[in-house]
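Structural overview for review
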Amino acid sequence: MSEMTATILLADDDPDIRMFLEVTLSIAGFTVHAAEDGIQAVDLAREVEPDLLLLDVMMPRMDGLEATRQLRNDPRTSDIPIILVTAKAMGMDKVVGLQEGADDYVTKPFDPDELVARIQAALRRASAMRQVSPLSGLPGNTRIEAELERRVATGGHFALLYCDLNKFKAYNDYYGFMQGDKLLKAYAELLTDTVNDVTPEDGFVGHVGGDDFVIVTGYEDHEGLAEALCRRFDQMAPSFYAEEDRARGFIEIENRRGIVEQFGFVALDIGIAHTGTGPFEHPGQVVSIATEMKHVAKMRSDGTSNHATDRRSRP
């Protein structure tokens, strides 16, 4: 999707301004949907999933600030760029709007060229963020796919290591999201540092999302790399637990049925797909096999980090 084919959802209670914005943005090449207030905007955003929202701050029933809060708190709309429109050249509207999660603002009366330029800039920033994980700073899904396509197309040897964390949800529920994010950042650094130590010239580390990461490498001893990752992670994991939990070796969480369950330390599971058993036809095949082997590693887990390699021959 280019900037000029993006879908824009605008909300303003003034019909004349809505018409002006619809015409201006349509001429600029955008697909436009319009809402009369914040309630309509929130509902329509969930339905349409636009590439950007343009919200007036002062609207009846629900203003732009409350709409921004609700959109940012909904996983379906939390990442959509939001530009607020305010009639105030100065004041707290801008500050509050940015604090609530807006990406930018424009003031009335606004210049059409400036408005289009701000929308294009916000779309570019959003596109860049999709290519790099904001949490880990590592390449995201777009660049992961491109790397796998390149490896498959060149036909050389490579391996994909699909990594995720066992018992991470329990950790996140017990210690909270902020501590969970700290663990994920340390996990990302550990993956990157280990790859740089073992195979510095031919290693790619990407962040799929959540606790799922991938490593793409031409290193022949991919199992040795996986073993190093597992060993280092098991050495690091206990440091992220409170002293009393670390001493007893587990945390306790009450499930939905009121039963207290015990969870040991977070562990790393790695599934490995590689060209040693045959070439891959497309990137999706690589990911599918590595994901399958990751589940095998998880099933084999004895409470510590583990890895599993696909050994089935492919034609």
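Note that the structure is a prediction, hence the values are computed from the model and not measured.

Here the focus is the packing of helix H7 (residues 168-175) against helix H8 (residues 177-198). Here H7 crosses H8 at 135 degrees, and the two axes come no closer than 7 Å. As summarised for this structure, H7 and H8 are arranged oblique, according to the angle between their axes. Facing Phe 168, Tyr 171, Asn 172 and Tyr 175 of H7, the residues of H8 in contact are Phe 177, Gln 179, Gly 180, Leu 183 and Leu 184.

Glancing now at the packing of aromatic side chains. By the definition in use, this model includes nine aromatic pairs. Ring centres of Tyr 175 and Tyr 241 lie 5.7 Å apart, and the angle between their planes is 85 degrees; this geometry places the pair in the edge-to-face category. Note that Tyr 175 is positioned in helix H7 and Tyr 241 in the loop between helix H9 (222-236) and helix H10 (243-248), a separation of 66 residues in sequence. Where Tyr 187 meets Phe 213, the ring centres are 4.6 Å apart and the plane angle is 70 degrees; that geometry is what we call edge-to-face. Residue Tyr 187 is located in helix H8, and its partner Phe 213 is located in strand S8 (residues 212-217); the two are separated by 26 residues in the primary sequence. According to the relative accessible area criterion, Tyr 187 is buried, its value standing at 0%. The rings of Phe 168, Tyr 171, Tyr 174, Tyr 175, Tyr 241 and Phe 265 are connected pair by pair, giving a single aromatic cluster.

Further remarks concern the sheet that holds strand S1 (residues 7-11). Within the open sheet, the five strands sit side by side as S2-S1-S3-S4-S5. Their pairing is parallel. A strand with exactly one partner marks an edge of an open sheet, and here the two such strands are strand S2 (31-35) and strand S5 (104-107). Taking each pair of neighbouring strands and ignoring which way they run, the sheet shows an average axis angle of 20 degrees. Across the sheet, helix H1 (residues 15-27) touches S1, S2 and strand S3 (52-56), and the angle it forms with S2 is around 170 degrees.

A few words now on the side chain of Thr 277. Within the secondary structure layout, Thr 277 lies in the loop between strand S11 (267-274) and helix H11 (283-300). Looking at Thr 277, its side chain comes within polar contact range of the main-chain oxygen of His 274, at 3.5 Å. Excluding residues within four positions of it along the chain, Thr 277 makes contact with Asp 310, Arg 311, Arg 312, Ser 313 and Arg 314.

Before going further, it helps to examine unusual backbone geometry. Between Lys 108 and the following residue, Pro 109, the backbone shows a cis peptide bond with an omega angle of -10 degrees. Relative to the helices and strands, Pro 109 resides in the loop between S5 and helix H5 (112-131). Even without glycine at this site, Glu 49 takes up a positive phi of about 55 degrees. One can find Glu 49 in the loop between helix H2 (38-48) and S3. Note on Glu 49: relative accessible area 52%, which makes it exposed. One non-glycine residue, Lys 167, lies in the positive phi region at around 75 degrees.

You can see Val 106 is positioned in strand S5. Taking relative accessible area as the criterion, Val 106 reaches 3% and is therefore assigned buried. Distance in space between the C-alpha atoms of Val 106 and Gln 131 is 26 Å, their sequence separation being 25 residues.

Right, let's get into H2. Within the sequence span of H2, burial applies to Gly 38, Ala 41, Val 42, Leu 44 and Ala 45. Summarising the contacts, the buried residues of H2 are in contact with S1, S2, S3 and helix H3 (64-72). Two to three positions downstream of the cap, the backbone nitrogen of Ile 39 sits 3.1 Å from a side-chain oxygen, assigning the N-cap of H2 to Asp 37.

Packing of H2 against H3 brings their axes to within 9 Å, and their N-to-C directions diverge by 25 degrees. Relative to H3, the element H2 lies roughly parallel. Judged by the twist between their axes, the crossing of H2 over H3 is right-handed. In contact with Gly 38, Val 42, Ala 45 and Arg 46 of H2, H3 contributes Ala 67, Gln 70 and Leu 71. Considering only residue class, the contact of H2 with H3 consists of four nonpolar, two polar and one charged.

Cut-offs applied
- Residues numbered from 1 in each chain as written.
- Predicted model: local features only at pLDDT ≥ 70, side-chain atom pairs only at ≥ 80, totals over all residues.
- Heavy atoms only, no water.
- Axes fitted to C-alpha atoms, helices over the stretch in contact; angles between N-to-C directions.
- Helix = DSSP H or I, 4+ residues; strand = E, 2+ residues; numbered from the N terminus.
- Parallel < 35°, antiparallel > 145°, perpendicular 65-115°, else oblique.
- Contact = heavy atoms within 4.5 Å.
- Phe/Tyr/Trp six-rings, centres within 6.5 Å; stacked < 30°, edge-to-face > 60°.
- Buried < 20%, exposed > 50% of the residue type's maximum accessible area, 1.4 Å probe, protein only.
- Pairing = 2+ DSSP bridges.
- Polar contact = N/O pair within 3.5 Å; in protein donor to acceptor, adjacent residues only side chain to side chain.
- Left-handed = near helix turned anticlockwise from the far one by under 90°.
- Nonpolar A, V, L, I, M, F, W, Y, C, P; charged D, E, K, R; others polar.

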